[in-house]
Amino acid sequence: MNQIHPLAVVSADAKLGDNNIIGPFCVIDKDVVIGNNNKFYNSVTVHAGARIGDNNEFFPGGSISTKPQDLKYQGEDTLCIIGNNNSFRESVTISRGTASKTSTTVGSNNLIMENTHIAHDCVVNDGIIIGNSTKIAGEVVIDSNAIISSTVLCHQFCRIGGFVMIQGGCRFSQDIPPYIIAGKEPTRYCGINIIGLRRRGFSNETIDAIHDTYRIIYSKGIIREGIQEVREKYKDIKEIEYICSFIESSKRGIIR
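Fair warning: this is a prediction, and the values are worked out from it, not measured in the lab.

Asker: So what about the overall build of the chain? Which residues, and what values?
Answerer: When you go through the chain residue by residue, the secondary structure sums to four helices and 28 strands. On C-alpha atoms alone, the chain measures out to a radius of gyration of 20 Å, which is about the 18 Å that the 2.2 N^0.38 rule sets for 256 residues. Its C-alpha atoms put the chain at 65 × 40 × 30 Å along the principal axes. Of all 256 residues assigned to the chain, the portion counted as buried reaches 48%. Sequence-distant contacts, at least 24 apart, represent 29% of the contacts inside the chain between residues at least 6 apart. One finds the centroid of the 27 positive side-chain charges in the chain at a distance of 5 Å from the centroid of its 27 negative side-chain charges.

Asker: I'd love a proper account of the environment of D143, names of residues and values included.
Answerer: Following the sequence through the fold, D143 ends up in the loop between β21 (141-142) and β22 (147-148). Relative accessible area serves as the criterion here: at 9%, D143 is assigned to the buried category. Taking C-alpha positions, D143 is 9.1 Å from G127, a pair spaced 16 residues apart along the chain. When sequence neighbours within four positions are dropped, the list of residues in contact with D143 reads N125, I128, R159, I160, G161, G162, Y242 and F246. Within the local environment of D143, its side chain forms a polar contact with the side chain of R159, the two groups lying 2.9 Å apart.

Asker: Can you lay out the packing of helix α3 (residues 223-233) against helix α4 (residues 238-249) for me, pointing to particular residues and giving the numbers?
Answerer: For the pair α3 and α4, interaxial distance at closest approach is 10 Å and the crossing angle is 160°. By the angle between their directions, the pair α3 and α4 is classed as roughly antiparallel. Here α3 runs over α4; the crossing is left-handed. Residues I223, I227, V230 and R231 of α3 form the contact with α4, whose participating residues are I240, E241, C244, S245, I247 and E248.

Asker: Go over helix α2 (residues 204-219), please, and point to the residues and values.
Answerer: Count 3.6 residues to each turn of an α-helix, and residues three or four apart come out pointing the same way. For α2, built from 16 residues, the straight-helix expectation of 22 Å at 1.5 Å per residue is met to within 8% by its first-to-last C-alpha distance of 22 Å. Where α2 is concerned, the buried positions are T206, I207, A209, I210, D212, T213, Y214, I216, I217 and Y218. Buried positions along α2 lie against β27 (180-183), β28 (188-192), α1 (194-199), α3 and α4.

Asker: I'd like to hear about the packing of aromatic side chains, residue by residue, with values.
Answerer: One pass over the structure, following the stated rule, counts 11 aromatic pairs. When the ring of F40 is compared with that of F58, the centres are 4.7 Å apart and the planes differ by 0°; the resulting orientation is stacked. Taken together, the positions of F40 in strand β7 (residues 39-40) and F58 in strand β10 (residues 57-58) put the pair 18 residues apart, joining distant regions of the chain. Summarising the burial analysis for this pair, F40 and F58 share the class buried. An angle of 40° between the planes, with centres 4.7 Å apart, marks the rings of Y189 and Y218 as tilted. Pair noted here: Y189 is in strand β28 and Y218 is in helix α2, with a separation of 29 residues, a long-range link. Residue classification places Y189 among the partly exposed positions, given a relative accessible area of 22%. Here the aromatic residues F163, Y179, F202, Y242 and F246 are joined through ring pairs into a cluster of three or more.

Asker: Account for the pattern of salt bridges, with residues named and values stated.
Answerer: Taken as a whole and judged by the stated rule, the model has 12 salt bridges. For the salt bridge of D70 with K72, the shortest nitrogen-to-oxygen distance reads 2.6 Å. What makes K72 partly exposed here is its relative accessible area of 42%. Taking the shortest distance from any N to any O, the salt bridge between E139 and K72 comes out at 3.9 Å.

Asker: I'd like to hear about the side chain of N20, residue by residue, with values.
Answerer: Topologically, N20 is positioned in the loop between β3 (15-16) and β4 (21-22). Residue N20 is classed as buried on the basis of its relative accessible area, which comes to 0%. In terms of polar contacts, N20 uses its side chain to reach the backbone amide nitrogen of N37, at 3.4 Å. Look past the residues within four positions of N20 in its chain and what remains in contact with it is N2, Q3, I34, G35, N36, N37 and N38.

Asker: I'd like a rundown of the pairing of strand β12 (residues 79-82), residues and numbers included.
Answerer: Side-chain alternation along β12 places C80 and I82 on a buried face and L79 and I81 on a face that remains uncovered. Relative to β12, strand β9 (residues 50-52) runs parallel, the two being bridged by three bridges. The residue bridging A50 from the neighbouring strand is C80, located in β12. Note: β12 against strand β15 (residues 103-106), four bridges, orientation parallel. Its bridge partner lying in β15, L79 is registered against S103.

About the cut-offs
- Residues numbered from 1 in each chain as written.
- Predicted model: local features only at pLDDT ≥ 70, side-chain atom pairs only at ≥ 80, totals over all residues.
- Heavy atoms only, no water.
- Helix = DSSP H or I, 4+ residues; strand = E, 2+ residues; numbered from the N terminus.
- Rg over C-alpha atoms; globule rule 2.2 N^0.38 Å.
- Buried < 20%, exposed > 50% of the residue type's maximum accessible area, 1.4 Å probe, protein only.
- Contact = heavy atoms within 4.5 Å.
- Lys, Arg positive; Asp, Glu negative; His and termini not counted.
- Charge placed at Lys NZ, Arg CZ, Asp CG, Glu CD.
- Polar contact = N/O pair within 3.5 Å; in protein donor to acceptor, adjacent residues only side chain to side chain.
- Axes fitted to C-alpha atoms, helices over the stretch in contact; angles between N-to-C directions.
- Parallel < 35°, antiparallel > 145°, perpendicular 65-115°, else oblique.
- Left-handed = near helix turned anticlockwise from the far one by under 90°.
- Expected span 1.5 Å × (residues − 1).
- Phe/Tyr/Trp six-rings, centres within 6.5 Å; stacked < 30°, edge-to-face > 60°.
- Salt bridge = Lys/Arg side-chain N within 4 Å of Asp/Glu carboxyl O.
- Pairing = 2+ DSSP bridges.

Below you can see the structure in the form of structure tokens.
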């Protein structure tokens, strides 16, 4: 049975699963689908187009599936899709998609800290931490297990690789390749995320291979030459192939 506070407003057209808690002054709009065991603290607004899974918690002031802050949006029906076991802290805002990608997607097991904004058509995968007051512009892709610190500004269309650590206060308009620490001003490569990789169970051999991969790639004037050398040296290592494929597919270029 759902627990809906008498001061909450829930549209008759919203579809709720079981055992959800909806606190005072929450507003659940039409065309919203909510799974099971979610908790909405007071003053959370869930707009049309939200598709929310199970076991999520939304802290006060959150605004989920908001109208995109994008002038090309013309009122088309789009979605904001959220997985399971996420924590959205105070005043988090997430826009729904536009006709470009049709949906904004947040996966599972993420911690999105207070005052963070995730814009239209973003893809936020799993196991990600985003720090306070960080702003993610439209159509950004964040791979799983990335850590983005507080007050980071991410330009639209960027991609952030998995297992990275981005230092607080960074701003960037190029892609952040996987397994590294990014920081300083302007934002640049600051070594690999050794502590994070060890905590995630990466072997010393794999960490050494990742470190050597970046040494080779960043030492080359032409990046594709470094990628070719790395592939010849480290065949059949999935982490190295991930790095190479990430860089090859980058449309904005990678930080150096």
